[in-house]
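Close look at the chain arrangement
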Amino acid sequence: MSQPIGIIAKIKIAESDYKNYLKTKEVKQLASSMFDSIKHTDRNFYIFQYTKKEQTLYVFIYYNYGNSETLKGIEFESLKSIQSFLTAESSGYLIGTLDCINLDQEDFHYAYTLEKGIWTDHKKLDETRYKEVLKDTDRLYKLLDGEFSDKVFSSRIVDTTIVKRIRTLQEKHRIENLVNRLHEASPYKPLYFFGNYYYNGICIYNPHQRLTALLEIDPHTFIQKPYGGADDKHVVIDNIVIATDPLKFKKLQKLESVFYTSSEAVYDYKGHFIPNADPKTFKLEQEGIAEDANYIYIFNTQIPKVEVGEYKIIDYGYSKPIIIYGEKAIYLNSNKLEQLNPSTFEILEIYERSHNTFTHLIKAKDKDGVFIIYQKLGLNASHLNTPIEVLRDIDIEQTIIEYQKTSHNLSEKKTNEEKLIDEIEGDDFIEQYNKNKHSLDFLLKINNYFYQCFQKWIKSKDKAELDKILKTYHIIEDTAWVNPHLFHHTACVYAALGEIQKATEEIYKACLFGYEEIKAIWGDEDLVILHSDPYYKELQQYYETNIKILPTPLITTEVLIRLDALSVEEIQSLAYTITKRFLIPDKSHVLLMQKSNSPNDQSWEVYLSLLQSFFNHVFKNSTFSSSLYKKFKDYELMPVSGHFEQFKYQFSHAHIAGPTLEDCRRTLEKVRASLDRIQNAQEKIAITNYINQSEIMKVLGEQV
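Residues numbered from 1 in each chain as written. Predicted model: local features only at pLDDT ≥ 70, side-chain atom pairs only at ≥ 80, totals over all residues. Heavy atoms only, no water.

Before going further, it helps to examine the packing of aromatic side chains. All chains considered together, the criterion is met by 49 aromatic pairs. The interplanar angle of 50° and the centroid separation of 5.2 Å between the aromatic rings of Tyr-46 and Phe-148 together place this pair among those described as tilted. Note that Tyr-46 is positioned in strand β2 (residues 45-51) and Phe-148 in helix α5 (residues 148-154), a separation of 102 residues in sequence. Here the aromatic cluster, defined as three or more aromatic residues joined through ring pairs, consists of Phe-614, Phe-615, Phe-619, Phe-624, Tyr-629, Phe-632 and Tyr-635. Across the ring face of Tyr-325, the terminal group of Lys-312 is positioned such that the distance to the ring centre comes to 5.3 Å. For the cation-ring pair, Arg-665 lies above Tyr-188, with the distance from its terminal atom to the ring centre recorded as 4.1 Å. (Phe/Tyr/Trp six-rings, centres within 6.5 Å; stacked < 30°, edge-to-face > 60°. Helix = DSSP H or I, 4+ residues; strand = E, 2+ residues; numbered from the N terminus. Lys NZ or Arg CZ within 6 Å of the ring centre and 35° of its normal.)

So, in structure tokens, the structure goes:
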């Protein structure tokens, strides 16, 4: 992921000259750029401050995304143009960096210095000037807290002259929408307001996140706010509408922690009402910590003060916990630590987290002695509701040593092969298999394990290696079809053991379940012993006449039966692989094959029913990929849900890029056509009602 980029400037300029500079078209363009950033919510941040005492302009422009071209854009040209107003006494610098987090000179795109009122690009600064830049940036960086759309109006991070121009542009944009374009808005030609909000002649809506028709919102008074938008009676956060006085509604933010307060209530970062919170006394103290008269809030978890008693809160810093030292209880983040004595509790040391997981390990003591507090948080730094262990009856120092080995990656390093063997031959393999039995990734690990064991057997001729393969295979045999490469390995094992019939049975399975590299079987030297076997020859002939002639083999009834026994989630996880591995026919193709081969054979009806079930499961909800839909969008087997979910996907993405709203209209026609093919009246009514009551149809004002 690329780092944020930025422009940093410090320019000594007389106040009178600075005021003249503010009147230029370049500064007006800068104000317009700031307005566009607010309107499109791109999370850029601008600091543009002039200090009269120092007679100096400080600028820090933080681009959340960008490249070297961004650093030479409007903002750069605006700052360069100040040279016309400088004197021989003017000095300073203008830096463009491709990494405004670390500010390494290697990432500087340009490094202008100002001497006697003239800009000179040195590419790299001398040590004294570089230290000056670091010091100034450190101060400016502290002002980046929160959203620019909020701070620009509520604090003095930008010169008031520019702020007034931004407000003028906002109002002009709003009036233009109202007077000139509001009446033109229609469902398939909506009017863009700001942020993620549109008006389509029916309602204001946000097509992203969870689409909702914001029917309560008055487009005539709807204006942009730091949290989203507001009309004269409501505020909107994403797609949540809160009926309240917008003038008394506030956004509270400390770094990543966000709350909202109105005169009646407190809301979390998503705009959800927090029961029992007191808006009159609610304060966000710092990131992760808030409180009101009755509660402490740690990472949005509400802790009653009555359960804590007198308390103090200590935040031990980045990647370390917040501890509530209470008279009645001790909390690690939002988790109450049981079986501790609060009055004698004391932390002795907090250890650095593990290199590969977010983990807390704390050495502490109370009246009952020294103990370890251990909390493994997994692969993300969420501090909520993960189990905490208080370990007393252990060798504490040895536990800490082992933890530190892991934390600093000092434990014995194992090869990938050794790790794979540990995983497959470990005591918990069956448990892991039961959790992942239809996971292609998990079965690929087993495939690699089989390969390793067989290669060892080739070198050593130690039958134990073959036994390992068969031992594992007998555990996973029922789901080996998910990765039919496994059958190639097991065929080789049985051939090595001289069990010809079993080896050919494995080849049959490889053919049946769509082994992509089936051609390799016929030339495999490890299977030469099978070449004279009649069944082997029959399978090879089947391959030549039925499989080789097609780009991919036709999906079989046996595969569809296996798929039909899985959950919707399991089928959807395998859908891309299955549709790539097999040729999937449409209903008309199946009926044609039935007519051509065996018109009265009832097995074709079973096959068609299983195919329809497969499509119904794959396209049941929004988890399928758009590319998968495109592959089968014209199939008669495509259920109404497939077309409808794609219609919702297209509608959301048509407001960004890719599909257009006209594409949406065409997909909606496919929804209607698919509905018309449903013969069961009750099913048709139920699906029609479900679609018509959906938010997207409310937004569009349509019915199917």
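So much for the structure itself; the text now carries on.
This part is about the sheet that holds strand β8 (residues 197-199). Taken in spatial order, the four strands of this open sheet run β7-β8-β9-β10, and their pairing is antiparallel. The open sheet has two edge strands with one neighbour each: β7 (191-194) and β10 (212-214). Each strand of the sheet is rotated relative to its neighbour by a mean of 35°, with strand direction disregarded. Of the strand pairs in this sheet, strand β9 (residues 204-206) and β10 are connected by three bridges, and their pairing is antiparallel. Paired with Tyr-205 across the bridge in β10 is Ala-213. (Pairing = 2+ DSSP bridges. Axes fitted to C-alpha atoms, helices over the stretch in contact; angles between N-to-C directions.)

What follows is about the nonpolar core. Grouped together as the largest cluster of nonpolar side chains are 72 residues, with contacts concentrated most on Ile-507 and Ile-555. Filtering out sequence-adjacent residues up to four positions away, Ile-507 remains in contact with Ala-491, Ile-521, Trp-522, Leu-527, Leu-530, Tyr-536 and Leu-539. Among the nonpolar cores identified, the runner-up in size contains 55 residues, and Tyr-21, Tyr-46, Leu-94 and Leu-140 belong to it. (Core = buried A, V, L, I, M, F, W, Y, C linked by side-chain atoms within 4.5 Å. Buried < 20%, exposed > 50% of the residue type's maximum accessible area, 1.4 Å probe, protein only. Contact = heavy atoms within 4.5 Å.)

With phi around 55°, Asp-238 is a residue other than glycine that occupies positive phi space. By the element assignment, Asp-238 lies in the loop between β13 (234-237) and β14 (240-243). The backbone of Gln-339 shows a phi angle near 60°, a positive value even though the residue is not glycine. Here Gln-339 lies in the loop between β25 (335-337) and β26 (346-351). On the accessibility criterion, Gln-339 (71% relative accessible area) is exposed.

Let's shift gears to the environment of Thr-504. Looking at the secondary structure, you find Thr-504 in helix α13 (residues 500-512). With relative accessibility at 1%, the residue Thr-504 sits in the buried group. In this structure Thr-504 touches Leu-530, Asp-533, Tyr-535, Tyr-536 and Leu-539, once residues within four positions along its chain are discounted.

This next bit is on helix α6 (residues 160-181). In this model, α6 (22 residues) spans 30 Å end to end at C-alpha, consistent with the 32 Å of a helix rising 1.5 Å per residue. Looking at α6, one finds that the buried residues are Ile-162, Val-163, Ile-166, Gln-170, His-173, Arg-174, Asn-177 and Leu-178. Viewed along the axis of α6, the buried residues span an arc of 155°, placing them on a single side of the element. For α6, the exposed residues lying more than 90 degrees away from the buried face are Thr-160, Lys-164, Thr-168 and Val-179. For α6, the secondary structure elements touched by its buried residues are α2 (25-39), β2, α5, β7 and β11 (223-225). Where α6 begins, the capping side chain belongs to Asp-159, and its oxygen is found 2.8 Å from the backbone nitrogen of Thr-161. (Expected span 1.5 Å × (residues − 1). Arc of directions from axis to C-beta. Polar contact = N/O pair within 3.5 Å; in protein donor to acceptor, adjacent residues only side chain to side chain.)

Its location among the elements puts Gln-105 in the loop between β4 (91-97) and β5 (108-115). Excluding residues within four positions of it along the chain, Gln-105 makes contact with Lys-124, Leu-125 and Tyr-130.

Of note, Leu-332 is situated in strand β24 (residues 330-332). Residues Leu-332 and Lys-123, 209 residues apart in the sequence, show an inter-C-alpha distance of 48 Å. Leaving out residues up to four positions away in the same chain, Leu-332 has contacts with Pro-321, Ile-322, Ile-323, Leu-337, His-360, Ile-362, Ile-373, Gln-375 and Ile-388.

It is worth spelling out the sheet that holds strand β15 (residues 250-254) at this point. The strand order β15-β16-β17 describes an open sheet built from three strands, whose pairing is antiparallel. Only two strands of the sheet have a single neighbouring strand rather than two, namely β15 and β17 (266-267).

This part takes up the confidence of the model for the protein chain. Looking at the protein chain as a whole, the pLDDT averages 89, with 95% of positions reaching at least 70. Predicted confidence for residues 408-412 stays below pLDDT 50, and this span has three contacts to residues more than four positions away or in other chains. (pLDDT = per-residue confidence, 0-100.)

For any two helices packed against each other, one specifies the inter-axial angle together with the distance between the axes. At their nearest, the axes of helix α12 (residues 485-496) and α13 sit 8 Å apart, and the two run at 170° to each other. Looking at the two axes, α12 sits roughly antiparallel to α13. On α13, the residues touching Phe-487, Thr-490, Ala-491, Tyr-494 and Ala-495 of α12 are Lys-502, Ala-503, Glu-506, Ile-507, Lys-509 and Ala-510. Residues of the contact of α12 with α13, tallied by class, amount to seven nonpolar, one polar and three charged. (Parallel < 35°, antiparallel > 145°, perpendicular 65-115°, else oblique. Nonpolar A, V, L, I, M, F, W, Y, C, P; charged D, E, K, R; others polar.)

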